[in-house]
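Below, each chain spelled out in residue letters.
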Amino acid sequence: MKIFSASKIREADETTISRQGITTGELMERAGTEVFLWLKKRFPDKETVFHVFCGKGNNGGDGLVVARLLHNDNYKVVVDIVEGTGNPSEDFTANFEKLEQNNLACNTNEAYEYKKHKIIFLDAIFGIGLNREVGAEAKEAIQRINNSAVKIISIDVPSGMFMDRKSDIAVHSDMVLTFQFTKLAFYLAGNCNFIKEIKILDIGLDKDFIANEPTQFFLTDRTEAHQRYRPVPAHAHKGTQGHALIIGGSYGKIGAVTLSSKAALKSGCGLVTAYIPKCGYTIVQTAFPEAMVLTGGEEHINTIAFDIEPKAIGIGMGLGQQPETQQAVLEFLKHQKTPMVIDADALNILSYNNEWLNMLPENTILTPHPKELERLMGSWEDDFEKMEKIRAFAKEHKIILVAKDAFTIVACNDRVHINSTGNAGLATGGSGDVLTGIITGLLAQSYSPADAAIFGVYLHGLAADIGVCETSKQAFTASDIINYLGAAYLKIEAEKAQK
Ligand SMILES: NC(=O)C1=CN([C@@H]2O[C@H](COP(=O)(O)OP(=O)(O)OC[C@H]3O[C@@H](n4cnc5c(N)ncnc54)[C@H](OP(=O)(O)O)[C@@H]3O)[C@@H](O)[C@H]2O)[C@H](O)CC1
Ligand SMILES: [K+]
């Protein structure tokens, strides 16, 4: 799914208004109606009290439409117009007048009994139009909302959240009902406390505009994942499903390479060879009998040489950074032409030898966690700068960068893809090793590097989303990601069959 900036969303509005021959007020009515219908379905109990906090712009206008529709549908509605939210927009004013005509007064300080009623706070103070720091009055309203113990639903965006820069104060939403497009700011690490859940409401913006307007940002949602997924061909055998080579491990860190190798095989490739130091030989052969094993070095890898022809290589998991290992990795990378995923210590070795980055084959996949990312490309001021640096770094070095985070970002071909699956259960040792294994396994199956990275990250997160429902987040381990890969594939197959 495309992600557009606030200015592009305004263009989409204007195009829709002119092509569909409607007014801005009619578009607002449509947006408000979608919110109303969603609320009505979710909260059928007419005793529910909706307390709507409106700013004076179009986000507030949406809030007023929703308030009127709820009121006319016999819900209990309380409306507060928040001061210090700019000059009233035309459509806000029109809807404010309609509210009076419908006998719904604002700012009445009406008391409602918290015990007796189910209270929902609707947040319509600011939307995508926030363009300066929130002033005292609006801040007070945001704090009041946040300090309440009731369910908070934001219209379009959590009020106070900037679309293009770091936000200091914003509504902490249980649910954001956002119009037509999801927003980039929702996925940034610094904003993670502001949103629990996102629901995109279709408000019928112009389809041609959406299809044709370019953007650099995409959400890897179900549809995107399905487009990149490649089912196993009916005539497949282990020779056609690709051979993955996983290079890594050192004394005390053989688990990393074992997890990675297992994940590669479970992602669907035909054969996996693990290249490890001798100290791990019995461990890998015992823990993972499906793998073939090659060795180099005693307790750490000191040379990388083999006579197999893998279709993809994953390197770095548990490798260590002994001088001999560093030398072996750099020598190895110098001659590589095979599609490759570089992780963990192999990434760190590259960061100390930055000039080597440009020698990597085009579209080599790098999978850093935040610390490794910082070592690679330097630090960043805020999430927006981080995103831009990731995009520019991938472009400059002609690589694919998989920046692991709560919402993992894949930068490739001057585009940024934000993953939509995964949960806090993935914050567990070895989950990165599993991801590298999955991506390497997909590469071995002839997925393009971009598809392997984008789909691999999605699949990894989906396995965790399915898994934690049975294990809990706390008890979820990296091995569970591997165990639930099958369920993730089955879910994707079932969703595709439903279409
Ligand atoms: N396609 C859609 O998604 C549609 C969205 N709609 C809704 O419209 C809002 C955007 O509305 P807009 O009026 O542009 O902006 P806001 O409501 O977010 O903000 C209102 C104005 O507030 C002023 N402002 C900005 N920052 C501050 C601040 N810190 N303190 C006080 N005031 C501030 C600013 O006006 P100025 O003239 O003062 O600069 C804003 O314009 C969108 O989010 C949706 O909810 C449509 O209803 C339908 C289509
Ligand atoms: K809002």
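None of these values were measured; they are calculated from a predicted model.

Novice: Sorry, what's going on with the overall build of the chain here?
Specialist: When you go through the chain residue by residue, the secondary structure sums to 17 helices and 17 strands. Relative to a compact globule of 499 residues, whose C-alpha radius of gyration would be 23 Å, the chain shows 26 Å and is just as compact. Contacts spanning at least 24 positions in sequence make up 71% of the contacts within the chain whose residues lie at least 6 apart. For the chain, the exposed area adds up to about 21500 Å²; of that, 49% sits on carbon and sulfur atoms. Side-chain charges of the chain comprise 50 positive and 61 negative groups, with the mean position of each set lying 4 Å from the other.

Novice: Mind showing me how you'd approach the site of ligand 1 here?
Specialist: Ligand 1 sits among 25 residues. The nearest are Asp13, Asp62, Gly127, Arg132 and Asp156. At 3.0 Å, a side-chain N or O of asparagine 131 approaches an oxygen atom of ligand 1. Within the residue set of the shell around ligand 1, elements represented by two or more residues are helix 1 (6-20), helix 2 (24-42) and helix 3 (58-72). Partitioned by chemical class, the residues of the shell around ligand 1 number 10 nonpolar, nine polar and six charged.

Novice: Whenever I open this one, the coordination of the potassium ion (ligand 2) confuses me. Can you help?
Specialist: Tetrahedral coordination by four donors places them ideally at 109.5 degrees to one another around the metal; octahedral coordination by six donors ideally gives 90 or 180 degrees. Bound to the potassium ion (ligand 2) are the protein donor atoms Asn59 (OD1), Asp123 (O), Phe126 (O), Ile155 (O), Val157 (O) and Ser159 (OG), situated 2.6 to 3.0 Å from the metal. With six donor atoms in place around the potassium ion (ligand 2) and angles of 67 to 177° between them, the coordination shape is irregular. Coordination of the potassium ion (ligand 2) draws on donor residues from a single chain, spaced N-x63-D-x2-F-x28-I-x1-V-x1-S in sequence. In terms of burial, isoleucine 155 and serine 159 fall into one category: buried.

Novice: Hey, could you run me through the confidence of the model for the chain in this one?
Specialist: Segments scoring low in pLDDT should not have their predicted coordinates read at a detailed level. On average, the chain scores 96 in pLDDT, and the residues at 70 or more come to 99%. Across the interface, the model reports ipTM at 0.98; the global pTM reads 0.94.

Novice: Even after reading the chapter, I still don't get the sheet that holds strand 3 (residues 76-81), so can you show me in this structure?
Specialist: Strand pairing in a sheet takes place through backbone hydrogen bonds and is either antiparallel or parallel in direction. Spatial ordering of the open sheet is given by 3-2-4-5-6-7, a layout of six strands whose pairing is parallel. In this open sheet, the two strands that pair with only one neighbour each are strand 3 and strand 7 (198-201). When the angles between neighbouring strand axes are averaged without regard to direction, this sheet yields 20°. Bridge count between strand 2 (residues 49-54) and strand 4 (residues 119-124): six bridges; the pairing is parallel. Bridging across to strand 4, cysteine 54 finds its partner in alanine 124.

Novice: Even after reading the chapter, I still don't get unusual backbone geometry, so can you show me in this structure?
Specialist: A negative phi angle is the norm for most residues apart from glycine, just as the trans form is the norm for most peptide bonds. Positive phi is not limited to glycine here, since asparagine 74 has a value of about 70°. Unusually for a residue other than glycine, aspartate 414 sits at a positive phi of about 65°. Checked against the element boundaries, aspartate 414 lands in the loop between strand 16 (409-412) and strand 17 (415-419). The partly exposed category is assigned to aspartate 414, whose relative accessible area is 25%.

Novice: Is there a simple way to explain the nonpolar core in this structure?
Specialist: One broad rule of soluble globular proteins: the nonpolar side chains tend to lie buried together. Residues Leu39, Val79, Ile342 and Leu401 are the most contacted members of the largest nonpolar core, which totals 99 residues. Taken domain by domain, this core gets at least three of its residues from each of domain 1 (2-214) and domain 2 (225-498). If we ignore the near neighbours within four places in the chain, the residues touching leucine 39 are Phe50, Val66, Leu70, Leu122, Ile153 and Leu177. In this structure, Val402, Tyr458, Tyr484 and Ile492 belong to the second largest nonpolar core, which totals 57 residues.

Criteria and thresholds
- Residues numbered from 1 in each chain as written.
- Chains lettered and ligands numbered in written order.
- Predicted model: local features only at pLDDT ≥ 70, side-chain atom pairs only at ≥ 80, totals over all residues.
- Heavy atoms only, no water.
- Helix = DSSP H or I, 4+ residues; strand = E, 2+ residues; numbered from the N terminus.
- Rg over C-alpha atoms; globule rule 2.2 N^0.38 Å.
- Contact = heavy atoms within 4.5 Å.
- Areas by Shrake-Rupley, 256 points an atom, 1.4 Å probe, with all protein chains shown as cover.
- Lys, Arg positive; Asp, Glu negative; His and termini not counted.
- Charge placed at Lys NZ, Arg CZ, Asp CG, Glu CD.
- Near = heavy atom within 4 Å.
- Polar contact = N/O pair within 3.5 Å; in protein donor to acceptor, adjacent residues only side chain to side chain.
- Nonpolar A, V, L, I, M, F, W, Y, C, P; charged D, E, K, R; others polar.
- Donors = N, O, S within 2.8 Å, 3.2 Å for Na, K, Ca; no water.
- Tetrahedral: all angles 85-135°; square planar, octahedral: opposite > 155°, others 65-115°.
- Buried < 20%, exposed > 50% of the residue type's maximum accessible area, 1.4 Å probe, protein only.
- pLDDT = per-residue confidence, 0-100.
- Pairing = 2+ DSSP bridges.
- Axes fitted to C-alpha atoms, helices over the stretch in contact; angles between N-to-C directions.
- Core = buried A, V, L, I, M, F, W, Y, C linked by side-chain atoms within 4.5 Å.
- Domains from an automatic or database assignment.

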